[in-house]
Amino acid sequence: MKKFYAAALGMLAATGVLIAEPASTRANELRVESAWARASAGRNGAAFVTVYNGGNAPDRLVGVASPVAPDVMVHRSFEEDGTMKMEHVAAIPIANGQRIEMKPGGLHIMLVNLKQPLKKGDQFPLSLTFERGGTKETTVTVYGPGAMEPK
Ligand SMILES: [Cu+2]
């Protein structure tokens, strides 16, 4: 009797999970399609991710973190009076169905005060926190110092 009860409870729990949120749908909501970085030249590094929001509601990227640097933040590069400048971006809205592609000269993830240089061929973890979607872990691959795309 006790065994049967446990099995029934287990089934109930599994069904409850399915109704509340199918695991497959949740996994597809926010997809990190690419995560790469340039080999670093100084104390700071830059990483670039492409994120696709395949869910049915808008979301916002509100946090970035990595064990390779104590200070990690989203920056936007822009040109002003012929000079390239960077500014901190607190949150990046991503509409449903939208893809955000970070790349050199635009949005990037700034890794400030790297604990050690990023070398070509290295890989390191990066976590992206979304307002609705929670935290997604990804692995960043390091390419050459002047790489303009992940290769
Ligand atoms: Cu920057």
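The paragraphs below set out a description of the structure included in this document. Everything numeric here is computed off the predicted structure, so don't read it as measured data. (Residues numbered from 1 in each chain as written. Predicted model: local features only at pLDDT ≥ 70, side-chain atom pairs only at ≥ 80, totals over all residues. Heavy atoms only, no water.)

1. Observations regarding the nonpolar core
Reasoning step 1: Residues Val-74, Met-102, Ile-109, Leu-111 and Leu-128 are the most contacted members of the largest nonpolar core, which totals 33 residues.
Reasoning step 2: For this core, the element with the most residues is strand β2 (residues 45-53), which contributes five residues.
Reasoning step 3: The residues contacting Leu-128, other than those within four sequence positions of it, are Val-32, Val-49, Val-51, Leu-61, Gly-63, Val-64, Ile-109, Gly-134, Thr-135 and Lys-136. (Core = buried A, V, L, I, M, F, W, Y, C linked by side-chain atoms within 4.5 Å. Buried < 20%, exposed > 50% of the residue type's maximum accessible area, 1.4 Å probe, protein only. Helix = DSSP H or I, 4+ residues; strand = E, 2+ residues; numbered from the N terminus. Contact = heavy atoms within 4.5 Å.)

2. Details of the coordination of the copper ion
Reasoning step 1: At this site the copper ion is bound by His-75 (ND1), Met-86 (SD), His-108 (NE2) and Met-110 (SD), with donor distances of 2.1 to 2.2 Å.
Reasoning step 2: One can describe the site at the copper ion as tetrahedral: its four donor atoms subtend angles covering 94 to 122° at the metal.
Reasoning step 3: We note that the donor set of the copper ion lies within a single chain, spaced as H-x10-M-x21-H-x1-M. On the criterion of sequence distance, the pair formed by His-75 in strand β4 (residues 71-80) and Met-86 in strand β5 (residues 83-88) is long-range, its members being eleven residues apart.
Reasoning step 4: When its relative accessible area of 45% is taken as the criterion, Met-86 is described as partly exposed. (Donors = N, O, S within 2.8 Å, 3.2 Å for Na, K, Ca; no water. Tetrahedral: all angles 85-135°; square planar, octahedral: opposite > 155°, others 65-115°.)

3. Some words on unusual backbone geometry
Reasoning step 1: Despite not being glycine, Asp-81 has its phi angle at roughly 50°, a positive value.
Reasoning step 2: Among the secondary structure elements, Asp-81 is positioned in the loop between β4 and β5.
Reasoning step 3: By relative accessible area, Asp-81 is classed as exposed at 76%.
Reasoning step 4: Phi angles above zero are rare outside glycine, and Asn-113 is one such case at about 60°.
Reasoning step 5: Asn-113 gets classed as partly exposed once you look at its relative accessible area, which sits at 28%.

So, to be careful, I would describe these as geometric facts and stop short of saying anything about function.
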